[in-house]
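# Structure at a glance
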Amino acid sequence: LLLRDVEASGRHTALVLAIGPGEDSRIFRTSDGGRTWAEAFVNDDPNAFYDCMAMYGDGRHGLAMSDPVDGKFRILATRDGGRSWAVLPNDGMPDTSTEYGFAASGDCLVTVGRSAYFGSGGGLARVFRSDDFGLTWTASDSTIPPGEAAGVFALAFQSRSFGVAVGGDFSDPADGVDAVAVSVGGHAWTSVGDPAHLAEDAAFLPGRHGALLVTGESGDVGGTSISADRGRTWTQLSPTGYHALDCTADGSCWGAGSGGRVASVSRR
């Protein structure tokens, strides 16, 4: 199995998502800090491929997102902390027959407050928003160029009113042009500064107003960059990139990359 997303909702409770077609997409849950795991969901549709999941702040509600089935992204939901999951009706999902998600970062779907967001690529590169726990969605242009291997790879929110979408093109990983967009309010997105590499994931630095990190790797090309002004300008910290990134409340940030690489960046 390919484990690509982990969501912790307490010291002892966490969920992990395995990705892939059909039964390769699964969700496991632990309530004892990882000593034992229960299989909470197994995908039985060969046309579905789950990319990422996210829990809401209440610890009970959560969503997982699959590439389109019958022309629309499929949304899976839990209301009991991940113990059980059910596929939501797709009446409230726009047509997305030319789009798909990217499963590398685990942050192609995120939540903030009562809102959920996910990003797409392929024929279009859009950001989708739901304010009713995944039942209905609206789509906005991300300003990140779409393509066969291009689009929105991840999202992050500093607050309910300010978020960032990042992406790029895996077929041209040294091109960071238009790879970062920001939103005030979560409805419309605006392109900002360009890092020197694609951005698979992003994270805001706690306690640093508007400061954020982006990172990404594809083959031999990668990089990790920092912005102190909400993405308008970028400074490359390292030519080494990672697939996934997260920051903790104490200001430390962690990246996980290919080959089992793990790194931390600490605020000084």
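Everything discussed here concerns the structure shown above.
All values reported here derive from a predicted model rather than from experimental measurement.

Next up on the list: the overall build of the protein chain. Tallying secondary structure elements over the protein chain gives zero helices and 25 strands in all. A globule of 268 residues ought to have a C-alpha radius of gyration of about 18 Å, and the protein chain, at 17 Å, matches this closely. Each of the three principal axes of the protein chain carries a C-alpha extent, and together these read 45 × 40 × 35 Å. Counting over 268 residues, the protein chain shows a buried share of 54%. Sequence separation of 24 or more characterises 43% of the internal contacts of the protein chain that already satisfy a separation of 6 or more. Summed over its atoms, the accessible surface of the protein chain is roughly 11700 Å², and 50% of this surface lies on carbon and sulfur atoms. For the protein chain, the distance from the average site of its 20 positive side-chain charges to the average site of its 33 negative ones is 11 Å.

What follows is about the sheet that holds strand β10 (residues 109-112). Taken in spatial order, the four strands of this open sheet run β10-β11-β13-β14, and their pairing is antiparallel. Each edge of the open sheet is held by one strand with a lone partner, namely β10 and β14 (138-141). When the angles between neighbouring strand axes are averaged without regard to direction, this sheet yields 25°. Bridge count for strand β11 (residues 115-119) against strand β13 (residues 126-130) is four bridges, and the pairing is antiparallel.

In this section: the layout of surface pockets. Its boundaries defined by the atoms lining it, the largest pocket holds a volume of some 1000 Å³. Taken together, 35 residues line the largest pocket, and the ones lying closest to its centre are V6, E7, D107, L245 and D246. Elements supplying a minimum of two residues to the lining of the largest pocket: β1 (2-8), β5 (49-55), β10, β15 (147-157), β19 (201-204) and β23 (244-247). With six residues, the top contributor of residues to the lining of the largest pocket is β1. When the residues that make up the lining of the largest pocket are grouped by side-chain class, the tally is 22 nonpolar, seven polar and six charged.

Moving on to empty space enclosed by the protein. Tallying each qualifying case throughout the model produces one cavity of 30 Å³ or more. Lining the largest cavity are F73, R74, I75, L88, P89, N90, G92, M93, G134, L135 and W137. When its residues are assigned to classes, the lining of the largest cavity shows seven nonpolar, three polar and one charged.

A few words now on the pairing of β10. In summary, the side chains of a regular strand alternate between the two faces of the sheet. By the bridge criterion, four bridges tie β10 to β11 in an arrangement that is antiparallel. Counterpart to T111 in the pairing with β11 is A116. Hairpin connection between β10 and β11: a loop of two residues separates the two successive antiparallel strands, and G113 in this loop has a positive phi of roughly 60°.

Under the counting rule described, the total for this entry stands at 13 aromatic pairs. On the basis of an interplanar angle of 65° and a centroid distance of 4.9 Å, the ring pair of Y56 and F133 is categorised as edge-to-face. Note that Y56 is positioned in the loop between β5 and β6 (62-69) and F133 in the loop between β13 and β14, a separation of 77 residues in sequence. The class of F133 is partly exposed, set by a relative accessible area of 23%. An aromatic cluster is defined as three or more aromatic residues linked by ring pairs; in this entry it consists of F73, F118, F128 and W137. Sitting over the face of the ring of F162, R230 holds its NZ or CZ atom 3.8 Å from the ring centroid.

Before going further, it helps to examine the environment of E148. Positionally, E148 belongs in strand β15. For E148, a relative accessible area of 76% gives the class exposed. The spatial distance from the C-alpha of E148 to the C-alpha of G121 is 7.6 Å, given a sequence separation of 27 residues.

Procedures and definitions
Residues numbered from 1 in each chain as written. Predicted model: local features only at pLDDT ≥ 70, side-chain atom pairs only at ≥ 80, totals over all residues. Heavy atoms only, no water. Helix = DSSP H or I, 4+ residues; strand = E, 2+ residues; numbered from the N terminus. Rg over C-alpha atoms; globule rule 2.2 N^0.38 Å. Buried < 20%, exposed > 50% of the residue type's maximum accessible area, 1.4 Å probe, protein only. Contact = heavy atoms within 4.5 Å. Areas by Shrake-Rupley, 256 points an atom, 1.4 Å probe, with all protein chains shown as cover. Lys, Arg positive; Asp, Glu negative; His and termini not counted. Charge placed at Lys NZ, Arg CZ, Asp CG, Glu CD. Pairing = 2+ DSSP bridges. Axes fitted to C-alpha atoms, helices over the stretch in contact; angles between N-to-C directions. 1 Å grid on protein atoms, 1.4 Å probe; cavity = no way out; pocket = protein on both sides within 12 Å on 5 of 7 lines; lining within 4 Å. Points joined across faces, edges and corners; volume = space filled by probe spheres on them. Nonpolar A, V, L, I, M, F, W, Y, C, P; charged D, E, K, R; others polar. Phe/Tyr/Trp six-rings, centres within 6.5 Å; stacked < 30°, edge-to-face > 60°. Lys NZ or Arg CZ within 6 Å of the ring centre and 35° of its normal.

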